[in-house]
Amino acid sequence: MIARWVHETRGQGLYEVTAEVMRAVASAQVEEGICTVFIRHTSASLTIQENADPSARRDLEAWLKRLVPENDALYTHTAEGPDDMPSHIKAALTSTSLGIPIVDGALVLGRWQGIFLWEHRDGPMQRELVVHVGA
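Residues numbered from 1 in each chain as written. Predicted model: local features only at pLDDT ≥ 70, side-chain atom pairs only at ≥ 80, totals over all residues. Heavy atoms only, no water.

Peer 1: Would you mind going over the environment of Arg40 in detail, with residue names and values included?
Peer 2: Topologically, Arg40 is positioned in the loop between strand 3 (33-39) and strand 4 (44-50). Beyond its immediate sequence surroundings of up to four residues, Arg40 is in contact with Arg4, Glu128 and Val130. Here the side chain of Arg40 touches Glu128 through a polar contact of 3.0 Å, side chain to side chain. (Helix = DSSP H or I, 4+ residues; strand = E, 2+ residues; numbered from the N terminus. Contact = heavy atoms within 4.5 Å. Polar contact = N/O pair within 3.5 Å; in protein donor to acceptor, adjacent residues only side chain to side chain.)

Peer 1: So what about the pattern of salt bridges? Which residues, and what values?
Peer 2: If you walk through the whole model with that rule in mind, you get 6 salt bridges. Of the charged contacts in the structure, one is a salt bridge between Arg4 and Glu128, with a shortest N-O distance of 3.4 Å. With Arg4 in strand 1 (residues 2-9) and Glu128 in strand 8 (residues 125-134), this residue pair connects regions lying 124 residues apart in the sequence. Here Arg127 ties to Glu119 by a salt bridge, and the two come within 2.7 Å at their closest N and O atoms. Here Glu119 falls in the buried class, since its relative accessible area comes to 1%. One network of salt bridges, in which partners are shared, links Glu80, Asp83, Asp84 and Arg121. (Salt bridge = Lys/Arg side-chain N within 4 Å of Asp/Glu carboxyl O. Buried < 20%, exposed > 50% of the residue type's maximum accessible area, 1.4 Å probe, protein only.)

Peer 1: Describe the nonpolar core, naming the residues involved and giving the relevant values.
Peer 2: Ranked by internal contacts, the top residues of the largest apolar core, which has 23 residues, are Val21, Cys35, Val37, Leu107, Val131 and Val133. In terms of residues, this core owes the most to one element, helix 1 (residues 18-28), which gives 4 residues. If we ignore the near neighbours within four places in the chain, the residues touching Cys35 are Val21, Val25, Leu98, Gly99, Ile100, Ile102, Leu107, Val131, His132 and Val133. (Core = buried A, V, L, I, M, F, W, Y, C linked by side-chain atoms within 4.5 Å.)

Peer 1: Let's hear about the sheet that holds strand 7 (residues 113-119): which residues, and what values?
Peer 2: Taken in spatial order, the 3 strands make up an open sheet running 2-7-4, and their pairing is antiparallel. Lying at the two open borders of the sheet, with one neighbouring strand each, are strand 2 (13-16) and strand 4. Averaged over all pairs of adjacent strands, the angle between strand axes in this sheet comes to 35 degrees, irrespective of strand direction. Strand direction decides the pairing type here: strand 4 and strand 7, joined by 7 bridges, are antiparallel. Paired with Thr47 across the two strands is Phe116, which belongs to strand 7. (Pairing = 2+ DSSP bridges. Axes fitted to C-alpha atoms, helices over the stretch in contact; angles between N-to-C directions.)

Peer 1: Give me the pairing of strand 8: which residues, what numbers.
Peer 2: Where strand 1 meets strand 8, 8 bridges bridge the pair, whose relative direction is antiparallel. The partner of His7 across the bridge, within strand 8, is Arg127.

Peer 1: Would you mind going over the sheet that holds strand 3 in detail, with residue names and values included?
Peer 2: Strand order in the open sheet formed by 5 strands is 1-8-3-5-6, with antiparallel pairing between adjacent strands. Two strands close off the open sheet at either side, each with one partner strand: strand 1 and strand 6 (106-107). Sheet topology note: the strand 5 (residues 97-103)/strand 6 ladder contains 2 bridges and is antiparallel. Bridge pairing links Val103 to Ala106 in strand 6.

Peer 1: Please set out helix 1 residue by residue, giving values where relevant.
Peer 2: Of the residues making up helix 1, those classed as buried are Thr18, Val21, Ala24, Val25 and Ala28. Down the axis of helix 1, the smallest arc covering the buried residues is 125 degrees, so these residues share one side. Seen from the open side of helix 1, the exposed residues pointing more than 90 degrees away from its buried face are Arg23 and Ala26. Directly after helix 1, the chain includes Gln29, whose backbone phi takes a positive value near 55 degrees. (Arc of directions from axis to C-beta.)

And the structure:
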């Protein structure tokens, strides 16, 4: 089973998509298998992270901004603005797909784990996610 949807972002940051992925898994009616989540973009990514305390997300976002700053004089891929090349580097350092086991018809996520779309561009974007559920 394959599900697709577009998620609207409002700029850089982590956007939780756990509920949407869980709905796709439930509709697939697979008791045991794997769920693959994929984002069809080169300037955004996916991660599994803590979903209980928002300060963890803020710290991750701030850390990645320090690691990959905008306006680096060495960047040559800047046609779409100062966030252009940094967004590609951030996506390369993180993941564009995730594999999550399914047991008893549910995702096997830890107690505080959530699935997040990580937007690396400054402005609002439409990001397409694809979920494949297989036995």
